[in-house]
Amino acid sequence: GLGSGVIVSPDGYILTNNHVVEGADEIDVTLSDSRRARARVVGTDPETDLAILKVELDKLPVIVLGNSDELAVGDIVLAIGNPFGVGQTVTSGIVSALGRSQLGINTFENFIQTDAAINPGNSGGALVDVNGNLLGINTAIYSRSGGSLGIGFAIPVSTARMVLDGIVREGKVTRGWIGVEPNELSPELAETFGVKATEGVIITGVLQDGPAAVGGIRPGDVIVQVAGKPVTNVAGLLSSVAALRPGEAA
């Protein structure tokens, strides 16, 4: 039961993976300066595989949250964690890809892919830029052997910040929902609905009196943006809608 975590506030809040703490009876946190403390789980969000813990310690080193939306493929990143329990370790690599989804790891997937070495025990650790700003939470590796093959996945800090705010403020994460049945925009569906668009997500069903219906969305419509952000596939649409605050216009 080993994993890593990131201290995100002077109050002792720690961001880690849900699968690191799931089913644990008690959680001990060891800092890099050898201080130890018992942690309590403030809240978890299995759908993004994130969890928030809290420790009662003073003078905590706190990470600066970066902006994962500005990341580009090829940017240099460092992965910090405790692989195989050997002690704090830093590996380096680049951003290999952005917006990776359909991996079957979480409900909401929008992973940063990196070739920085991530191994078992790194889960919940920090993916940072060269200035030490947090860009993501290392979550999974693609490996048949259980060791790093240079394909690691991290949850972007934009998702982590939303989960952190929701859990700390309300004890749970409340997600946006619009009530549609979305599909990938295939040439066949485009022909069926007489759609000229070549990019976006086609809506094949709309829930009666749901937010989308009230807003005027009808079957055959193609969604190309949510709140100003481009949408290219169903997973991207779900993630963008989930990030909206309920009651907020978009």
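See the structure shown above.
In this text the structure is predicted, and so the values were computed from the model without any measurement.

A. Local environment of the sheet that holds strand β13 (residues 201-206). Strand order in the open sheet made by the three strands is β12-β13-β14, with antiparallel pairing throughout. Unpaired on one side and paired on the other, β12 (180-184) and β14 (222-223) mark the two borders of the sheet. The pairing of β13 with β14 spans two bridges and is classified as antiparallel. Counted as the bridge partner of Ile202 is Val222 from β14. Running over the sheet, helix α5 (residues 234-242) touches β12, β13 and β14 and is turned about 145° from β12.

B. Spatial organisation of the pattern of salt bridges. According to the stated counting rule, one finds eight salt bridges in the structure shown. Close ionic contact of Arg38 with Asp28 constitutes a salt bridge, the shortest N to O distance being 2.9 Å. Here Arg38 is found in strand β4 (residues 36-45), whereas its partner Asp28 is found in strand β3 (residues 27-30), with ten residues between them in sequence. Residue class for Asp28 comes out partly exposed when judged on its relative accessible area of 42%. Across the pair Arg35 and Asp58 runs a salt bridge, and its minimum N-O distance is 3.7 Å. Of this pair, Arg35 sits in the loop between β3 and β4 while Asp58 sits in the loop between β5 (50-54) and β6 (76-81), and the two are 23 residues apart along the sequence. The class for Arg35 is partly exposed, based on a relative accessible area of 24%. Overlapping salt bridges bring together Glu26, Asp28 and Arg38 as one network.

C. Examining unusual backbone geometry more closely. The phi dihedral of Lys59 falls on the positive side, at around 50°, and the residue is not glycine. Mapped onto the elements of the fold, Lys59 is located in the loop between β5 and β6. Take Lys59: its relative accessible area is 76%, and that puts it in the exposed class. Notably, Ala227 is not glycine yet its phi reads approximately 50°, a positive angle. With respect to the helices and strands, Ala227 occurs in the loop between β15 (225-226) and β16 (229-230). The exposure class of Ala227 is exposed, given its relative accessible area of 56%.

D. Region of interest: the packing of aromatic side chains. For the coordinates displayed, the defined rule picks out one aromatic pair. A ring pair is formed by Phe111 and Phe153, whose centres lie 5.8 Å apart and whose planes are at 50°; its orientation type is tilted. Taken together, the residues span a long stretch of sequence, with Phe111 in strand β8 (residues 111-114) and Phe153 in strand β11 (residues 152-156) at a distance of 42 residues. Like Phe111, the residue Phe153 is buried in the burial classification. We note Lys54 situated over the ring of Tyr13; from NZ or CZ to the ring centre the distance is 5.4 Å.

E. The environment of Ser143, seen in detail. Tracing the chain through its elements places Ser143 in the loop between β10 (134-141) and β11. Taking the C-alpha atoms as reference, Ser143 lies 41 Å from Pro211; in sequence the two are 68 residues apart.

Analysis parameters
- Residues numbered from 1 in each chain as written.
- Predicted model: local features only at pLDDT ≥ 70, side-chain atom pairs only at ≥ 80, totals over all residues.
- Heavy atoms only, no water.
- Pairing = 2+ DSSP bridges.
- Helix = DSSP H or I, 4+ residues; strand = E, 2+ residues; numbered from the N terminus.
- Contact = heavy atoms within 4.5 Å.
- Axes fitted to C-alpha atoms, helices over the stretch in contact; angles between N-to-C directions.
- Salt bridge = Lys/Arg side-chain N within 4 Å of Asp/Glu carboxyl O.
- Buried < 20%, exposed > 50% of the residue type's maximum accessible area, 1.4 Å probe, protein only.
- Phe/Tyr/Trp six-rings, centres within 6.5 Å; stacked < 30°, edge-to-face > 60°.
- Lys NZ or Arg CZ within 6 Å of the ring centre and 35° of its normal.

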